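What follows is each chain in one-letter form.
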Amino acid sequence: MSEEIRLDGRVAIVTGAGGGLGRAHALALAARGAAVVVNDLGAARDGAGSSDSPARLVVAEIESAGGRAVADASDIATPEGAQALAGAALSAFGRIDALVNNAGFLRDKSLAKMEPLDFEAVLRVHLTGSALMSRAVWPAMQEQGDGRIVMTTSAAGLYGNFGQSNYGAAKLGVIGLMNTLKLEGARHGIRVNAIAPVAATRMTEGTVPPEIVASTPPGLVSPAVILLCAQQCPVNGAIVVAGGGYFALARMVETEGIALAPADVTPEAVAQLIPRISDFTRAQGHDDALSALRVAVDAITSRE
Ligand SMILES: NC(=O)c1ccc[n+]([C@@H]2O[C@H](COP(=O)([O-])OP(=O)(O)OC[C@H]3O[C@@H](n4cnc5c(N)ncnc54)[C@H](O)[C@@H]3O)[C@@H](O)[C@H]2O)c1
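Residues numbered from 1 in each chain as written. Predicted model: local features only at pLDDT ≥ 70, side-chain atom pairs only at ≥ 80, totals over all residues. Heavy atoms only, no water.

1. As for the environment of arginine 135
- Within the secondary structure, arginine 135 is located in helix H4 (residues 116–144).
- Placed 99 residues apart in sequence, arginine 135 and proline 234 show a C-alpha to C-alpha distance of 23 Å. (Helix = DSSP H or I, 4+ residues; strand = E, 2+ residues; numbered from the N terminus.)

Structure, rendered in structure tokens:
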């Protein structure tokens, strides 16, 4: 058996932790010893309205199990709300070791029927909110020389899902955010990763078959979040797929490319290349944009 992963003495913020996955993460982090700031705006499934009771109820659950937590009802999609939440963590517990960017809501419709405001609102809560929160906790983590940030992405962003152009764009956006923050955080001891969860919550109500609902309680995702929030976090820039006890890693990859001579570069030549460059058996991922560029430059400079 490997050593138990504990978060005693560590402080974690979980956004949108009044229900669903966030609540499960908050309970699990507290059970492993972390002091938790339970944030939730108390919004409806579409983001409308607010209430401070969901966050307070989760804090009561944590406290009755012997854990430490405080409630916060800030709107993480605004700069003021994000700063207020980071400030609440610092004044309650004096440090911030982990941030789980989990809050969000849906406004599903095919793009042609979607109001521009519904596109923007979903981007704001998932993507801008994750950036604002990461920025708000950054100085504390940088000063500590230690920090863990967990983004919440989705298969809808990684692979697409009908009716979710706003959500999918936001969820792939948080991967772009992670890809840069993993580089900017590395020299400060800050690791930034993502989970792509599958869980039966109010967000997935009515969209998931009953047999999947029964086998995907949110609590089966939280162990991955605990690992990514712990000192022992073994990865940086990883996308951990988690749900129902299933775990996998997802990543962006590029096939082995072919460099044409400049005089040969025509649309027809590209069309002819497609079958040859569609072979993913030797595809590889890249740690950053420069590494990807280097591979292309090598191919260009070594072409016959
Ligand atoms: N359930 C799944 O299968 C699944 C799959 C992929 C991704 N996700 C993602 O997981 C996260 C949690 O989703 P869930 O399924 O638990 O849904 P949920 O609706 O139960 O939880 C989302 C919570 O975020 C809160 N919230 C919304 N806007 C907020 C804001 N501006 N500030 C603070 N809190 C806010 C809501 O009040 C709600 O409690 C979301 O980011 C979601 O996109 C879920």
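2. Considering the packing of H4 against helix H6 (residues 165–186)
- Running from amino to carboxyl end, H4 crosses H6 at an angle of 20 degrees, the nearest separation of the two axes being 8 Å. When the axis of H4 is compared with that of H6, the two are roughly parallel. Two packed elements cross with a definite hand, and for H4 against H6 that hand is right-handed. Each of Asp118, Phe119, Val122, Leu123, His126, Leu127, Ser130, Ala131, Ser134 and Trp138 in H4 lies in contact with H6, whose residues at this interface are Ser165, Asn166, Tyr167, Ala169, Ala170, Lys171, Gly173, Val174, Leu177, Leu181, Glu184 and Gly185.
- Considered class by class, the residues forming the contact of H4 with H6 number 12 nonpolar, 7 polar and 3 charged. (Axes fitted to C-alpha atoms, helices over the stretch in contact; angles between N-to-C directions. Parallel < 35°, antiparallel > 145°, perpendicular 65-115°, else oblique. Left-handed = near helix turned anticlockwise from the far one by under 90°. Contact = heavy atoms within 4.5 Å. Nonpolar A, V, L, I, M, F, W, Y, C, P; charged D, E, K, R; others polar.)

3. Considerations on the environment of leucine 117
- Tracing the backbone through its elements, the reader meets leucine 117 in helix H4.
- Classification of leucine 117 as exposed rests on a relative accessible area of 62%.
- Taking C-alpha positions, leucine 117 is 26 Å from valine 100, a pair spaced 17 residues apart along the chain. (Buried < 20%, exposed > 50% of the residue type's maximum accessible area, 1.4 Å probe, protein only.)

4. Topic: the confidence of the model for the protein chain
- Confidence in the prediction of the protein chain, expressed as mean pLDDT, is 96, and 99% of residues score 70 or more.
- In the model of the protein chain, helix H7 (residues 210–215) stands out as the element of lowest mean pLDDT, 87, in contrast to strand S4 (residues 98–100), which has the highest, 99. (pLDDT = per-residue confidence, 0-100.)

5. With respect to the nonpolar core
- One finds Ile13, Ile96, Met133, Val137, Ile149 and Met151 to be the most contacted residues of the largest nonpolar core, which totals 42 residues.
- Those elements that place two or more of their residues in this core are strand S1 (11–14), strand S2 (35–39), helix H3 (79–93), H4, strand S5 (147–152), H6, strand S6 (190–197) and strand S7 (239–243).
- The element best represented in this core is H4, accounting for 10 residues.
- The contact partners of isoleucine 13, leaving out residues within four places of it in the chain, are Val37, Leu85, Ala86, Ala89, Ile96, Ala98, Leu99, Val100, Met133 and Val137.
- With 31 residues, the next largest nonpolar core counts Leu7, Ala17, Ala30 and Ala242 among its residues. (Core = buried A, V, L, I, M, F, W, Y, C linked by side-chain atoms within 4.5 Å.)

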